[in-house]
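The chain contents come next:
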Amino acid sequence: MCGRACCSLNPDTVSRACNYKDASGKWRTTSWIKGDVEYKPSFNIGPKDALPCIVAGSHFGKQDGRVVCSMMWSMIPPWHEGDYRKHTLSTHNARLENLQKSTLYGPPLRRGQRCIVVCEGFYEWKAGKTKKDTKQPYYIYATQDNGIKTDDSTTWKDEWSEESGWKGFKVLKMAGIFNKFKTGEGKIVYSCAIVTTESNNVLSWLHNRVPVFLKTEEDSQIWLNEELSVAQAINKLNKLTLSDGDLSWHTVSTSVNNVLYKSEDCRKETKAVEEKKSNPSSFMASWLKKGSEELAKRKSTNTDDDHSYGNGKSDETPSKIAKKE
């Protein structure tokens, strides 16, 4: 499962980070295709926000190579009418095992509309021991070289060459499906879904679903290869698995729970949220102590209780409402 992501790289840096090898074996940067969905670097990207996606150039009239296209993260159902952002289906993730039979994902898959969704990392929530416990958010990302701090961009390199390619921050590349939607005004909007699969031992402690990661340049070439049949492409994805050391993670603040909160500290490493512990005996002792202190206070003063309690106003304070993930 992947429902929140981080991609703070500017478009030029994304082009270098999404580089690929051409027929001669040299690395090439990936050029952007301007679309109607604008990519805005953000530390807290949610469904229906935009993410950069790598696509085979042939989808945009180019003979070879790849392009980067900004797509809405949540595939727009082709039967939707009206404002495309107001569709109500949960389409930001697509289960690998259901792709071919899906009435939504199957048609674009058969048309070869495969993409690679790019981000620096994504957020996932670990449930507490009880329903009352606050869910702990984690930030998951590709394991970086020594000295690179994922939550501090000042430690990142920005190096690229035709011979060695991108040597900066290692972004995550995830298998995706994309589609085109024509609005009432005649605009073409591109939207995508991230392909997910069952977790193995690497992340099963956190969630039972994970994105399908394309870890190598060869993986990316295979997924974008339009000459592969649907069955061949799916078969390749089924063979891709996470290994120990591929990913790293750390706990972050629950501020990321609010998709409208876009600050850089969303991905900042913090201490884990402490689980709420219920101890009936300690609660009762605290309640009795508080009552005794209040009674003693009343006896020690010579004021009329009505001044404090007889004004018709409630002394109850609004409780904090926990924001859902």
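### Things to note about the confidence of the model for the protein
In the predicted model, the protein carries a mean pLDDT of 86, and the fraction of residues at 70 or more is 84%. Scored below 50 in pLDDT, residues 298-325 shows twelve contacts in the model against residues more than four places distant or in partner chains.

### Focus on the packing of aromatic side chains
Within the structure shown, the criterion is met by nine aromatic pairs. Relative to W205, the ring of Y138 has its centre 5.1 Å away and its plane inclined at 80 degrees; by these criteria the two rings are edge-to-face. Of this pair, Y138 sits in strand β11 (residues 136-142) while W205 is found in the loop between β15 (188-198) and β16 (209-211), placing the two residues 67 residues apart along the sequence. Using a relative accessible area of 14% as the deciding quantity, one classes Y138 as buried. A centroid spacing of 6.2 Å and a plane angle of 45 degrees characterise the contact between F178 and Y190, whose relative ring orientation is tilted. Here F178 is found in strand β14 (residues 172-182), whereas its partner Y190 is found in strand β15, with twelve residues between them in sequence.

### Focus: the layout of surface pockets
Here the largest pocket is characterised by a volume of approximately 620 Å³. Taken together, 27 residues make up the lining of the largest pocket; nearest its centre are K170, V171, K173, L214 and K215. For the lining of the largest pocket, the secondary structure elements donating two or more residues are β13 (165-166), β14 and α3 (217-224). Of the residues assigned to the lining of the largest pocket, the class counts are eleven nonpolar, eight polar and eight charged.

### As for helix α4 (residues 230-238)
In an α-helix, one turn spans 3.6 residues, which is why side chains three or four residues apart end up on the same side. V230, A233, I234 and L237 are the residues of α4 that are buried. All buried residues of α4 lie within an arc of 95 degrees about the axis, which places them on one face of the element. Each element contacted by the buried residues of α4 is listed here: α2 (106-110), β9 (114-119), β14, β15 and α3.

### Quick look at the nonpolar core
By size, the foremost hydrophobic cluster in this structure holds 65 residues, and its most contacted members are L99, L203 and W223. Once residues within four sequence positions are removed from consideration, W223 is found in contact with L109, R114, C115, I116, A175, G176, I177, L214, A233 and L237. With nine residues, the next largest nonpolar core counts C6, Y123, Y139 and V252 among its residues.

### Details of the sheet that holds β11
If you trace the five strands from one edge of the open sheet to the other, you get β5-β1-β10-β11-β17, paired in antiparallel fashion. One side of each edge strand has no neighbouring strand; the edge strands of this open sheet are β5 (42-45) and β17 (247-251). Neighbour-to-neighbour, the strand axes of the sheet open up by a mean angle of 25 degrees, direction not taken into account. In this sheet, β11 lies alongside strand β10 (residues 121-126) in antiparallel orientation, the contact comprising six bridges. For Y123, the partnering residue across the bridge sits in β11 and is Y139.

### So, empty space enclosed by the protein
With the rule as written, the count across this model stands at two cavities of 30 Å³ or more. The volume enclosed by the largest cavity comes to roughly 50 Å³. Along its surface, the largest cavity is lined by Q144, D145, I148, K157, K167, G168, F169 and K170. The residue makeup of the lining of the largest cavity, split by class, is two nonpolar, two polar and four charged. Every residue along the wall of the second largest cavity is listed here: F122, E124, I140, L203, L206, H207, R209 and V210. Of all the elements in the fold, those that place two or more residues in the lining of the second largest cavity are β10 and β16. Across the lining of the second largest cavity, the residue classes tally to five nonpolar, one polar and two charged.

### Remarks on the environment of L242
Summarising the element assignment, L242 is placed in the loop between α4 and β17. Not counting chain neighbours up to four residues away, the residues in contact with L242 comprise N200, V202, L203, F213, K215 and L247.

### Topic: unusual backbone geometry
Positive phi outside glycine occurs at K48, with the angle close to 80 degrees. Along the chain, K48 falls in the loop between β5 and β6 (50-56). At S74, a position not held by glycine, the phi torsion is positive, near 155 degrees. If you trace the backbone, S74 turns up in the loop between β7 (66-73) and β8 (93-95).

### Describing the side chain of D151
Position of D151 relative to the elements: it lies in the loop between β11 and β12 (160-161). Buried D151, no salt bridge; nearest opposite-charge side chain is K268, N-O distance 4.4 Å. From its side chain, D151 meets the backbone nitrogen of E269 in a polar contact 3.0 Å long.

Conventions and cut-offs
Residues numbered from 1 in each chain as written. Predicted model: local features only at pLDDT ≥ 70, side-chain atom pairs only at ≥ 80, totals over all residues. Heavy atoms only, no water. pLDDT = per-residue confidence, 0-100. Contact = heavy atoms within 4.5 Å. Phe/Tyr/Trp six-rings, centres within 6.5 Å; stacked < 30°, edge-to-face > 60°. Helix = DSSP H or I, 4+ residues; strand = E, 2+ residues; numbered from the N terminus. Buried < 20%, exposed > 50% of the residue type's maximum accessible area, 1.4 Å probe, protein only. 1 Å grid on protein atoms, 1.4 Å probe; cavity = no way out; pocket = protein on both sides within 12 Å on 5 of 7 lines; lining within 4 Å. Points joined across faces, edges and corners; volume = space filled by probe spheres on them. Nonpolar A, V, L, I, M, F, W, Y, C, P; charged D, E, K, R; others polar. Arc of directions from axis to C-beta. Core = buried A, V, L, I, M, F, W, Y, C linked by side-chain atoms within 4.5 Å. Pairing = 2+ DSSP bridges. Axes fitted to C-alpha atoms, helices over the stretch in contact; angles between N-to-C directions. Lys, Arg positive; Asp, Glu negative; His and termini not counted. Salt bridge = Lys/Arg side-chain N within 4 Å of Asp/Glu carboxyl O. Polar contact = N/O pair within 3.5 Å; in protein donor to acceptor, adjacent residues only side chain to side chain.

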